[in-house]
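# Fold and contact review
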Amino acid sequence: MYLRSSTSLSRISAIANRRSPAVFKRRDYSDNADSAKKGLVVGVYIDDSGNNLKLTPAADQINQESGGAILKALKIGKGFMKKGKSRLFFNTNLKYGTIAVVGIGKEESDDKENGDGIDAKKENIRIASANGCRSLVDCGIQNIFVSGMGDSESAAEGSTLGTWKFQEYKNKRDEIPKISLLEDKSSCSDGWCRGIIKSNAQNWSRKLTESASNHMTPTVFSKEVQDVLGKLGVNVIVRDKCWAEENKMGGLLNVAKGSIQPLSFLEINYSGGPKNDKPVVLVGKGVTFDSGGISIKPSAAMGEMRADMMGAANVVAAISAIAELKLPINVIGLTPLCENMPSSSALKPGDVIVAMNGKSIQVDNTDAEGRLILADALCYAATFKPKITIDLATLTGAMVVAIGEAATGVFSSSNIPWAAIESAGHYTGDRMWRFPLWNYYSSLIKGYSGFDLDNIGKGKGGGACTAAAFLKEFAPPGDWIHMDIAGVMKANGEDGLYISRGMSGKPTRALVQLISNLSEKS
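To keep things clear, this report deals only with the structure shown in the data block. (Residues numbered from 1 in each chain as written. Predicted model: local features only at pLDDT ≥ 70, side-chain atom pairs only at ≥ 80, totals over all residues. Heavy atoms only, no water.)

In this section: the overall build of the chain. Helix and strand counts for the chain come out as 19 helices and 21 strands. Relative to its length of 522 residues, the chain is compact, with a C-alpha radius of gyration of 25 Å against a globular reference of 24 Å. For the C-alpha atoms alone, the extent of the chain along its principal axes is close to 90 × 50 × 45 Å. For the chain, the proportion of its 522 residues judged to be buried stands at 57%. Sequence-distant contacts in the chain: of pairs separated by 6 or more residues, those separated by 24 or more amount to 76%. Carbon and sulfur atoms provide 51% of the accessible area of the chain, an area that totals close to 21,700 Å². Counting 62 positive and 55 negative side-chain charges, the chain places the averaged centre of each group 5 Å from the other. (Helix = DSSP H or I, 4+ residues; strand = E, 2+ residues; numbered from the N terminus. Rg over C-alpha atoms; globule rule 2.2 N^0.38 Å. Buried < 20%, exposed > 50% of the residue type's maximum accessible area, 1.4 Å probe, protein only. Contact = heavy atoms within 4.5 Å. Areas by Shrake-Rupley, 256 points an atom, 1.4 Å probe, with all protein chains shown as cover. Lys, Arg positive; Asp, Glu negative; His and termini not counted. Charge placed at Lys NZ, Arg CZ, Asp CG, Glu CD.)

Printed below as a string of structure tokens:
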């Protein structure tokens, strides 16, 4: 056995000397290539002090096979084993050449008391499984078995999200490990499969948003969505400029006209429920690159605006998971896609345009373009008579100022849909925070003599709220949720430790969970 940690060599030697010869007789693993290539992740419960340890059932079995030496090693050093951290053991088991033991926090979660907005126990398992898998990958292990640790869905999510890498343009790509569930119980495997499906969907969203804008134009995005969703039996219709003109989508047409790249509008139809059931309509902002237009952005970090289509990416990714899960519900996805570029044909500050519902809009800032294309998409959403409409957009920098990268900002027409999305986010580890839709903010974008609405409105501050008030003017009747995901667009590699630095794909899994909950109620 070899233990990777900061434990002193003398202590490791002492443990080795106390081993039972019957159990720890040195074995020759040179001929057992299969086991040497396999890794295992098991968990241990641990309190905040790091002193009190309790093995999960899977870890306890592995410990017994090692003659109890694993538990003895974990107890070396006061507070040495930490929540979310892993310790590696080599050549202690005939089936698994390397074993990662990970700290998963307290056995009984107190998330209701700590008010952190997420289920702490599920989040701890995600972080632990991700770090356990990463530690094995660092050792060259590509065939990894993960214990469900009491919540196989969360273990699957952490493992799948934590080992994914964006490497589309690398000449030589790193191998993504094969992740499998250790337990064979049906109750574990069902949760595991759900976690894998939802996490793969989020990883697809991450892939779409990380892709360079010259490789992910509206046309390329549409083609990829057709390919992926078409294989799942989902109907994807790609609309073009002529269709937008026929529907008088002045917002989409005017934002798109500054770019040489043609616009696209995806209409996605998943029919999993009864034919006459009203659908859930998902609307995603799809600006595949946002320069700001004539109101051009500063050059610093402008390249990140390749991800200004994360709303659209989340919508199509969520529908892919919904289709794989075969949820008994009808879902419509709408994604207006275009670039926002400066050119001689671009939309200008002061221009007045007309949206699909006939409302005129003065464009004071061409960098407030997302609300313009969403306005038309929300108008079109009304034609489906939705039971609930949900739009997602990396809409405002003001949201980042308000709550940073901690949560998705949510605006809801009533308490019931807000409670539904908050509950879904709590389950999946995607924090939600509700913002007001007061008439005060609506008054700031109205009251002009020459046109109906202004795209940024009067006054200072509250930019996320005035943007939501603008969208409210176009939302279909009934329940409506607007999700400003600008703050959660990127992962910093620290918050949410199972998602590496880069575009996050959030909150794709929360969206899937919400639809799943709605399908159960239906």
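Every buried residue of helix α4 (residues 57–65) is listed here: Ala58, Ala59, Ile62 and Asn63. All buried residues of α4 project into a common sector of 140 degrees when viewed along the axis, lining one side. Looking at α4, the residues exposed on the side facing more than 90 degrees away from the buried face are Pro57 and Gln64. (Arc of directions from axis to C-beta.)

As for its placement among the helices and strands, Asn340 is situated in strand β12 (residues 330–340). The buried category is assigned to Asn340, whose relative accessible area is 4%. Within the structure, the side chain of Asn340 is placed 3.2 Å from the backbone oxygen of Thr366, a separation counted as a polar contact. With residues up to four places along the chain from it excluded, the contact list for Asn340 reads Val255, Val287, Phe289, Asp290, Ser291, Gly292, Gly293, Thr366, Asp367 and Glu369. (Polar contact = N/O pair within 3.5 Å; in protein donor to acceptor, adjacent residues only side chain to side chain.)

Let's shift gears to empty space enclosed by the protein. Applying the stated criterion across every chain yields a total of three cavities of 30 Å³ or more. There is about 50 Å³ of room inside the second largest cavity. If you trace the second largest cavity, you find it lined by Asn254, Val255, Gly293, Ile294, Asn340, Met341, Ala346, Leu347 and Thr366. Taken together, the residues of the lining of the second largest cavity sort by class into five nonpolar, four polar and no charged. (1 Å grid on protein atoms, 1.4 Å probe; cavity = no way out; pocket = protein on both sides within 12 Å on 5 of 7 lines; lining within 4 Å. Points joined across faces, edges and corners; volume = space filled by probe spheres on them. Nonpolar A, V, L, I, M, F, W, Y, C, P; charged D, E, K, R; others polar.)

Structurally, the position occupied by Lys223 is in helix α10 (residues 218–230). Placed 262 residues apart in sequence, Lys223 and Ile485 show a C-alpha to C-alpha distance of 25 Å.

This paragraph deals with the environment of Ala201. Looking at the secondary structure, you find Ala201 in helix α9 (residues 186–210). Separated by 112 residues in sequence, Ala201 and Ala313 place their C-alpha atoms 9.7 Å apart. Residue contacts for Ala201: discarding those within four places in its chain leaves Ala317, Ser320, Ala321 and Thr508.

Further remarks concern the pattern of salt bridges. One pass over the full model with this rule turns up 23 salt bridges. Note that Lys359 and Glu473 form a salt bridge whose closest N and O atoms lie 2.9 Å from each other. Highlighted residues: Lys359 in the loop between β13 (351–354) and β14 (360–363) and Glu473 in the loop between α18 (463–472) and β19 (479–484), separated in sequence by 114 residues. Judged by relative accessible area, which is 25%, Lys359 ranks as partly exposed. Each of Glu123, Arg126, Glu157 and Arg509 takes part in salt bridges that share partners, so that together they form one network. (Salt bridge = Lys/Arg side-chain N within 4 Å of Asp/Glu carboxyl O.)

This brings us to the pairing of β14. Here β14 shows two buried faces, one formed by Ser360 and Gln362 and the other by Ile361 and Val363. Looking at chain direction, β13 and β14 are connected through four bridges and run antiparallel. Within β14, the position partnered with Val352 by the bridge is Gln362. Connecting β13 to the next strand, β14, in antiparallel fashion are five residues, including Gly358 with a positive phi near 90 degrees. (Pairing = 2+ DSSP bridges.)

Strand β15 (residues 388–393) sits mainly inside the fold: six of its six residues count as buried. Residues Ile388, Ile390 and Leu392 point to one face of β15 and Thr389, Asp391 and Ala393 to the other, with burial holding for every one of them. By the bridge criterion, five bridges tie strand β10 (residues 280–284) to β15 in an arrangement that is parallel. Paired with Val280 across the strands is Ile388, a residue of β15. Two strands pair when backbone bridges link them, and β15 and β19 are joined in this way by six bridges, in the parallel orientation. Bridge pairing in β19 places Asp391 opposite His482.

This part takes up the nonpolar core. Formed by 56 residues in total, the largest nonpolar core has its most connected members in Phe221, Val225, Ile268, Leu282, Ile319, Ile390 and Ile515. Of the residues forming this core, the biggest block, 11 residues, is contributed by helix α13 (residues 310–325). Contacts of Ile268, omitting those with residues within four sequence positions, involve Val225, Leu229, Val234, Asn235, Val236, Val316, Ile319, Val331, Ile332 and Gly333. (Core = buried A, V, L, I, M, F, W, Y, C linked by side-chain atoms within 4.5 Å.)

Turning to the side chain of Arg371, a few remarks are in order. Here Arg371 lies in helix α14 (residues 370–381). Other than its neighbours up to four places away in sequence, Arg371 contacts Leu395, Thr396, Asn455, Ile456, Ala467, Phe470 and Leu471.

Scanning the model with the defined rule gives 12 aromatic pairs in all. Taking 6.4 Å as the distance between ring centres and 50 degrees as the angle between the ring planes, the aromatic pair formed by Trp164 and Phe166 counts as tilted. For Trp164, a relative accessible area of 17% corresponds to the buried category. What makes Phe166 partly exposed here is its relative accessible area of 25%. Ring plane angle 75 degrees and centroid distance 5.2 Å describe the contact between Tyr440 and Tyr441, whose orientation is recorded as edge-to-face. By relative accessible area, which is 13% here, Tyr441 ends up buried. (Phe/Tyr/Trp six-rings, centres within 6.5 Å; stacked < 30°, edge-to-face > 60°.)

Close contact between α10 and α13 brings their axes to 10 Å; oriented N to C, the two are set at 10 degrees. Here α10 is positioned roughly parallel relative to α13, judged by the angle of their axes. Residue-level contacts link Phe221, Val225 and Leu229 of α10 to Ala312, Ala313, Val316, Ile319 and Ser320 of α13. Looking at the contact of α10 with α13 residue by residue, the classes come out as seven nonpolar, one polar and no charged. (Axes fitted to C-alpha atoms, helices over the stretch in contact; angles between N-to-C directions. Parallel < 35°, antiparallel > 145°, perpendicular 65-115°, else oblique.)

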